[in-house]
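One-letter residues, chain by chain:
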Amino acid sequence: AQSVTQPDIHITVSEGASLELRCNYSYGATPYLFWYVQSPGQGLQLLLKYFSGDTLVQGIKGFEAEFKRSQSSFNLRKPSVHWSDAAEYFCAVGITTTSGTYKYIFGTGTRLKVLA
Amino acid sequence: KAGVTQTPRYLIKTRGQQVTLSCSPISGHRSVSWYQQTPGQGLQFLFEYFSETQRNKGNFPGRFSGRQFSNSRSEMNVSTLELGDSALYLCASSLFGLAGGPTLQETQYFGPGTRLLVL
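Residues numbered from 1 in each chain as written. Chains lettered and ligands numbered in written order. Predicted model: local features only at pLDDT ≥ 70, side-chain atom pairs only at ≥ 80, totals over all residues. Heavy atoms only, no water.

## Looking at the overall build of chain A
A count of helices and strands for chain A gives zero helices and twelve strands. In sequence order, chain A lays out its α and β elements as β-β-β-β-β-β-β-β-β-β-β-β. Once the C-alpha set of chain A is aligned to its principal axes, its extents read approximately 50 × 30 × 20 Å. Buried positions account for 47% of the 116 residues belonging to chain A. Surface accessibility of chain A: about 5500 Å² in total, with carbon and sulfur atoms responsible for 49%. (Helix = DSSP H or I, 4+ residues; strand = E, 2+ residues; numbered from the N terminus. Buried < 20%, exposed > 50% of the residue type's maximum accessible area, 1.4 Å probe, protein only. Areas by Shrake-Rupley, 256 points an atom, 1.4 Å probe, with all protein chains shown as cover.)

## Details of the sheet that holds strand β7 (residues 64-68) of chain B
Residues and elements named next belong to chain B. As summarised here, the arrangement of the four strands in space is β1-β3-β8-β7, forming an open sheet in which the pairing is antiparallel. A strand with exactly one partner marks an edge of an open sheet, and here the two such strands are β1 (5-7) and β7. Strand-to-strand twist across the sheet, computed as the mean angle between neighbouring axes with direction ignored, equals 20°. Here three bridges tie β1 to strand β3 (residues 19-24), and the two strands are oriented antiparallel to one another. Its bridge partner being in β3, Thr5 is matched across the sheet by Ser24. (Pairing = 2+ DSSP bridges. Axes fitted to C-alpha atoms, helices over the stretch in contact; angles between N-to-C directions.)

## Some points on the state of the cysteines
Residues and elements named next belong to chain A. Evaluation of the coordinates by the stated rule reveals two disulfides over all chains. Across a sulfur-sulfur distance of 1.9 Å, Cys23 and Cys91 are joined as a disulfide pair. Handedness of the Cys23-Cys91 disulfide follows from its S-S torsion of about -65°: it is left-handed. Of the two residues, Cys23 is situated in the loop between β3 (19-21) and β4 (24-26) and Cys91 in strand β10 (residues 87-96); the sequence distance between them amounts to 68 residues. (Disulfide = S-S within 2.5 Å.)

## A few points about the confidence of the model for chain A
With 100% of its residues at a pLDDT of at least 70, chain A reaches an overall mean of 91. For chain A, the element scoring lowest by mean pLDDT is strand β11 (residues 102-106) of chain A, at 83; β3(A) scores highest, at 98. (pLDDT = per-residue confidence, 0-100.)

## Topic: the packing of aromatic side chains
For the structure on display, the rule yields 17 aromatic pairs over all chains. Here A:Phe34 and A:Phe51 contribute two aromatic rings whose centre-to-centre distance is 5.9 Å and whose plane-to-plane angle is 80°, an arrangement assigned as edge-to-face. Placement of the pair is A:Phe34 in strand β5 (residues 32-38) and A:Phe51 in the loop between β6 (44-50) and β7 (56-58), with a sequence separation of 17 residues. With 6.4 Å between their ring centres and 40° between their planes, A:Tyr104 and A:Phe106 make a pair best called tilted. Residue A:Tyr104 is classed as buried on the basis of its relative accessible area, which comes to 5%. Clustering of aromatic rings is evident, with ring pairs tying together A:Tyr32, A:Phe34, A:Tyr36, A:Phe51, A:Tyr104, A:Phe106, B:Tyr35, B:Phe45 and B:Phe110. (Phe/Tyr/Trp six-rings, centres within 6.5 Å; stacked < 30°, edge-to-face > 60°.)

## Quick notes on the interface of chain B and chain A
Listed per partner, the contact involves 23 residues of chain B and 19 residues of chain A. For the pairing of chain B and chain A, the buried interface totals around 1700 Å² over both sides, and the portion due to carbon and sulfur atoms is 60%. Summed over the shared surface of chain B and chain A, the number is zero salt bridges. The tally of links from chain B across to chain A stands at one residue pair in polar contact (both at pLDDT 80 or more). Within the residue set of the side of chain B that touches chain A, elements represented by two or more residues are β4 (31-38), β5 (42-50), β6 (53-57) and β9 (87-94) of chain B. In the side of chain B that touches chain A, the residues fall into nine nonpolar, eleven polar and three charged. (Contact = heavy atoms within 4.5 Å. Buried area = accessible area lost by both parts, 1.4 Å probe. Salt bridge = Lys/Arg side-chain N within 4 Å of Asp/Glu carboxyl O. Polar contact = N/O pair within 3.5 Å; in protein donor to acceptor, adjacent residues only side chain to side chain. Nonpolar A, V, L, I, M, F, W, Y, C, P; charged D, E, K, R; others polar.)

## Focus: the pairing of strand β11 (residues 114-118) of chain B
Strand residues, when the strand is regular, have side chains that alternate between the two faces of the sheet. Residues and elements named next belong to chain B. A one-sided burial pattern is seen for β11, the buried positions being Thr114, Leu116 and Val118 and the unburied ones Arg115 and Leu117. Where strand β2 (residues 10-13) and β11 come together, four bridges link them in parallel fashion. Paired with Lys13 across the two strands is Val118, which belongs to β11. In this structure, β9 lies alongside β11, joined through three bridges in antiparallel fashion. Pairing of Tyr89 across the sheet is with Thr114, part of β11.

See below:
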């Protein structure tokens, strides 16, 4: 079955440190890949997305993600974390179902805490 | 341009009751999708409406239903509420929705959600 795994439920980093959030997916073909961020009391905001082409994708707020087909991964990175990055991050894949429709599958999220 | 709005933001109901949630998409967007978000389960897709027609449906019981109006506003209804229905319900709007897959120009914009507590 198709699935998205975010193995880290919580991550704590110091302000200014680098960040990598992991995302792995299970799907028979190459899916469309997304990262969203959710701040408390807010909806989800799209950080970046991958459809095809260059496997390193740049997003908003200084985030980037790299698609690695061989590892079925789409990890999110940021070189220097700011306190305002504290939030919950969701990886999602867009897949075509056996019935021909299209849907998103979301991971369970990684909650990021930033220490001053 | 105003974002996606959802009303009410918070709701407390008791088991057995029914509830209706509302979502107003971004102006010009014709697709509205609904998701249920619970701790540990992440976001689960409920259904998608496009031009007043349900075009896509997730694996939820028939107690969950929805509709879309001609102005693209959408409502979601949950009947015979259960404790397990307590969740954050998010709606997302986009121009054309999920038909044929996404494009670089097609993005889902999420509302702030309605937090439902069932006692």
